[in-house]
Amino acid sequence: MNTMIRSLSLAALLAASAAITACTPAPGKPEVSQPVDPDKTNGPQDGKEVEAFADPLFAELMKKDNVAGSNFVVVKDGKVLVNKGYGYADKEKKIPVDPDTVFQIASVSKTFTALAVMQMVDEGKLDLKRDVNEYLGGLKVPNTTGKPLTLFEMLNYTSGVDKPDITTFISPDYIGQDIPMKSFIAGHMPTVVRPPGEAYTYDNFGFLLAGLAVENVSGMRFDEYMKTKVFEPLGMKSTSVRYTPELTSRMAQHYSPAGELQPAFGHAPTDGPQGSILSTGTDMANYLIMQLGKGKFGDKQIVSAKSMEPMHTYSAFADAGKTIPIATVGFEGYYKELMNGQHVVLKGGNMPGHSSLMVLIPERNTAFYMSYNSDTQMSLGFYEAFMDHYFPESVKKPTPAYQDLTEQDAQKYLGLYQNTRAYGLRARFTYQDGKLIMEDGSTGKHTLRMITPTLFDDEAGEKLAFQKDSAGNIKYFYYTSKNGINVVGHSQKVEMKPAFADVPAASPYKPHIDHLNALDIMGAAQGNLFEPTRTLTQGEFADLLIQAHGWYIFPGQSENNKKQMMADIPGFESSEVITRQMAAAMIQNLKQAKPASEIRLAGPTDEWAAARISALLSQGIADPDTKVGADGSADFRSRQPLLRQEAAALLDQAFGAYSLPIKN
């Protein structure tokens, strides 16, 4: 199966599997005129007023984010207020978007999978709280925790699996194929490594597995189940789990963020309960009406009102005080500060070239949906403007009352953490003057003040919540910052391992060696010996670098990383001993550190490696025995063999506990 994967950028992989928060800073609030003052209590009431609000906003945001076309649906009190298109489905042929234009709704599909599960709960065929292995037709999910994995934890993103994107396979090559769900999952199975329900991690695998449970227990192929039990009863005539010739003929073209035409992508397996549904604005309007109608559409009860409750009720939170909602069964709730005090559940989705967002405000009987033909975050800007226009913040947020944090009390928070979804995202916490200091390679360095023992905020007021494990120990944190890479998941504290017998306590290399050992990147050479002065082959170092970089957890990304790290590296031979200059050049190929100062290399260095070594040294990425003088000179010992302890230091500085660019 791997040989069929079309290469994807990291951004595309993140977008294909994360919802509306995948690696883009939140845009500023659009400045548009508001010609009609809406009812500030009950939200949108009149279609013409909604269009007067939305038309200039779409024009501005589509121009800003280089989006060719979008649909837009607003439902209120069981009626469709707006169902229209903006811009072009095909900008080359000047084909406009209209209510019947087909888009890939991507991860919004997860809400449909949750609905299917709840239908079968109504029928007594599935139980949210039973071991999911009972529903998998003989498949077993490996589990090291002793706590059974249930459908409930899978559907509210707390399954605890180690590789939640192990089944995120997308490619143009998959369109037209028929890849069965069960056999595919059997060959791509993660392991439950955290007690289910303990921590939140955006999880494509969990929804795929839930779809398999529906398929096995119903006796119907998943796409047929959805067609018969969901789409047809809802009158969704232009919606399908699979590509069909008729829907493909009406599908909007796919464009990159730069506006370049790109192919449509399919899924493996063919039925993607985690993200393969195609639909239109007209069909999604019916779905919104049913959601707001507590499972009822017209005279049909698609799912019971009782079963709709867990879909609209938060069951996963970032903090013990339950002030930061994260997920329901099927839906999510990013950016609580954008909710303006309303109860909002939403689901976003991205595929290369298409993006979608569905927002429900159940207590106001209001919902909107949009899909557009670019994998950008335009939807987040629209969501913020929509909430500010129709449901403005009515209560001023109180200034937090901060608590004192002693150095002794701070100890439980300190250390290294790694994201539970994207292993390349790591953060380090230290203590200084009554506050926590957090450093990570995505958002930078932040000073955190304590509001409660599990809730802090940074200098901008962004919240950071710590989560305890079942034993009451601080084990995870969740950061609400909209800046940097946000792949929606808790980060888990990294537990340090016993020291190596041959690494002295006073060795300046010891912290780096210990960090990489704790991260399972670089362990013992044999027994309890690290062998710090042993050399490495070029192949051994390449494998370590891929692990340290951390993004290998997305299918197909390892091959992309390998190509990038080997770019313009002459003479690579896997079995040959690696030199320090080759190792540094490979690191820089992936790190892309920006030169912060001019470094003059002393000693012989090959021309192809010099600039890359200088960039790393200028950012403080160096082993302890390499010193940069006051005059900017440094002897990197470029042509000498790389030792294991040196490799540990360089990899830790670049991608491990010290992954920040230190200078600008």
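Residues numbered from 1 in each chain as written. Predicted model: local features only at pLDDT ≥ 70, side-chain atom pairs only at ≥ 80, totals over all residues. Heavy atoms only, no water.

With respect to the overall build of the protein chain
Convention followed: The secondary structure listing takes helices from DSSP runs of H or I that are at least 4 residues long and strands from runs of E that are at least 2 residues long, numbered from the N terminus. All radius of gyration figures rest on C-alpha atoms, and the globule criterion is 2.2 Å times the number of residues raised to 0.38. The cut-offs for exposure are 20% and 50% of the maximum accessible area for each residue type, with area from a 1.4 Å probe on protein chains only; residues under the lower value are buried, those over the upper are exposed, and the others partly exposed. Neither His nor the chain ends contribute to the count of charged residues, in which Lys and Arg are positive and Asp and Glu negative. A charged residue contributes its charge at one atom only: NZ of Lys, CZ of Arg, CG of Asp or CD of Glu.
Helix and strand counts for the protein chain stand at 18 helices and 26 strands. Relative to the 2.2 N^0.38 estimate, which gives 26 Å for 664 residues, the radius of gyration of the protein chain is 26 Å and therefore close to what a compact globule would have. For the protein chain, the spread of C-alpha atoms along the three principal axes comes to 80 × 55 × 55 Å. Here the protein chain, with 664 residues, has 60% of them falling under the buried criterion. Taking the average place of the 64 positive charges on the side chains of the protein chain and the average place of its 75 negative ones, the gap between the two points comes to 2 Å.

Brief notes about the packing of helix H16 (residues 580-591) against helix H18 (residues 644-655)
Filter applied, for reference: Lines are fitted to the C-alpha atoms to define the axes, a helix being fitted only along its stretch in contact, and any angle between axes, read from their N-to-C directions, falls within 0 to 180 degrees. Here is the rule for angles: anything less than 35 degrees is roughly parallel, anything more than 145 is roughly antiparallel, 65 through 115 is roughly perpendicular, and the remaining ranges are oblique. Handedness of a helix crossing follows the sense of rotation of the near helix relative to the far helix, less than a right angle counterclockwise being left-handed and clockwise being right-handed. Whether two residues touch is decided by their heavy atoms; if any such pair falls within 4.5 Å, the residues are in contact. Think of it as three bins: nonpolar holds Ala, Val, Leu, Ile, Met, Phe, Trp, Tyr, Cys and Pro, charged holds Asp, Glu, Lys and Arg, and polar takes everything else, Gly as well.
As a packed pair, H16 and H18 sit with axes 11 Å apart at the nearest point and diverge in direction by 15 degrees. Judged on the interaxial angle alone, H18 and H16 are roughly parallel. For the crossing formed where H16 meets H18, the hand is right-handed. Across the interface between the two elements, Arg580, Ile587, Leu590 and Lys591 of H16 pack against Glu646, Leu650, Leu651, Ala654 and Phe655 of H18. Residues belonging to the contact of H16 with H18 are distributed by class as follows: 6 nonpolar, no polar and 3 charged.

Some remarks on the pairing of strand E20 (residues 444-452)
Operational definition: A pair of strands is considered paired only if DSSP assigns at least 2 bridges between the two.
Here strand E19 (residues 435-440) pairs with E20 via 5 bridges, running antiparallel. In the strand pairing of E20, Leu436 is matched with Leu448. Two successive antiparallel strands, E19 and E20, enclose a turn made up of 3 residues. Pairing analysis gives 3 bridges linking E20 to strand E21 (residues 455-457), with the strands arranged antiparallel. Paired with Arg449 across the bridge in E21 is Asp457. The turn joining E20 and E21, which pair antiparallel and follow one another in sequence, is formed by 2 residues.

Regarding helix H2 (residues 47-64)
For an α-helix, 3.6 residues make a turn, and residues three or four places apart therefore share a direction. Here is the rule we go by: Given the number of residues in a helix, its expected span is that number minus one, multiplied by 1.5 Å. A residue's bend is the angle separating two fitted axes: one through the seven residues that end there, the other through the seven that start there. Counting of polar contacts relies on pairs of N or O atoms within 3.5 Å, with two restrictions inside protein: one atom must be capable of donating a hydrogen and the other of accepting it, and residues adjacent in sequence are counted only when both atoms are side-chain atoms.
In this model, H2 (18 residues) spans 25 Å end to end at C-alpha, consistent with the 26 Å of a helix rising 1.5 Å per residue. Along its length, H2 reaches its greatest deviation from straightness, about 25 degrees, at Ala54, and the proline Pro56 lies no more than four positions downstream. Of the surrounding secondary structure, the elements contacted by the buried residues of H2 are strand E1 (69-76), strand E2 (79-90), strand E16 (366-372) and helix H11 (378-390). Its side-chain oxygen placed 3.0 Å from the backbone nitrogen of Lys48, Asp46 serves as the N-cap of H2. Phi turns positive, to about 60 degrees, at Asn66, one or two residues after H2.

Details of the pairing of E2
Looking at chain direction, E1 and E2 are connected through 8 bridges and run antiparallel. Note on E2: the bridge partner recorded for Val75 is Val80. Count of turn residues in the E1/E2 antiparallel hairpin: 2 residues, of which Asp77 carries a positive phi of about 50 degrees. Sheet topology places E2 next to strand E3 (residues 95-96); 2 bridges connect them, and they run antiparallel. By the bridge assignment for E3, Asp90 is matched with Ile95. The loop that links E2 with its antiparallel partner E3 comprises 4 residues; one of these, Lys94, has a positive phi angle of about 60 degrees.

Description of the pattern of salt bridges
Stated precisely, the cut-off is as follows: By definition here, a salt bridge exists when the distance from a side-chain nitrogen of Lys or Arg to a carboxyl oxygen of Asp or Glu is within 4 Å.
Under the definition given, this model contains 26 salt bridges. The residue Lys84 makes a salt bridge to Glu51 at a minimum N-O spacing of 3.0 Å. Pair noted here: Lys84 is in strand E2 and Glu51 is in helix H2, with a separation of 33 residues, a long-range link. One salt bridge in this structure joins Lys562 and Glu559, with 3.7 Å as the shortest N-O distance.

Details of the sheet that holds E21
In a beta sheet, neighbouring strands are held together by backbone hydrogen bonds and run either parallel or antiparallel to one another. Read once around its circumference, the closed barrel built from 8 strands follows the order E17-E18-E19-E20-E21-E22-E23-E24, with strand pairing classed as antiparallel. Neighbour-to-neighbour, the strand axes of this sheet turn through a mean angle of 30 degrees, independent of strand direction. One ladder, built from 5 bridges, connects strand E22 (residues 463-468) with strand E23 (residues 474-479); its direction is antiparallel. Bridging from a neighbouring strand, Lys468 pairs with Ile474 of E23.

So, the side chain of Asn373
For Asn373, the position within the fold is in the loop between E16 and H11. At 3.5 Å, the side chain of Asn373 forms a polar contact with the backbone oxygen of Ala89. Among all residues touching Asn373, those that are not within four sequence positions of it are Val67, Ala68, Gly69, Tyr88, Ala89, Phe103, Ala252, Gln253, Tyr255, Gly353 and His354.

Points about the nonpolar core
The condition that has to hold: In this description, a nonpolar core means a group of buried Ala, Val, Leu, Ile, Met, Phe, Trp, Tyr and Cys residues linked to one another through side-chain atoms lying within 4.5 Å.
Residues Phe72, Phe112, Leu151, Phe368, Phe382 and Tyr383 are the most contacted members of the largest nonpolar core, which totals 113 residues. Contact partners of Phe112, with chain neighbours within four places excluded, come to Ile105, Met226, Val230, Phe231, Met236, Ile277, Met284 and Tyr287.

Describing the sheet that holds E3
Ordered in space as E3-E2-E1-E16-E15-E14, the 6 strands form an open sheet in which the pairing is antiparallel. One side of each edge strand has no neighbouring strand; the edge strands of this open sheet are E3 and strand E14 (345-351). Here 7 bridges tie E1 to E16, and the two strands are oriented antiparallel to one another. Paired with Phe72 across the two strands is Met370, which belongs to E16.

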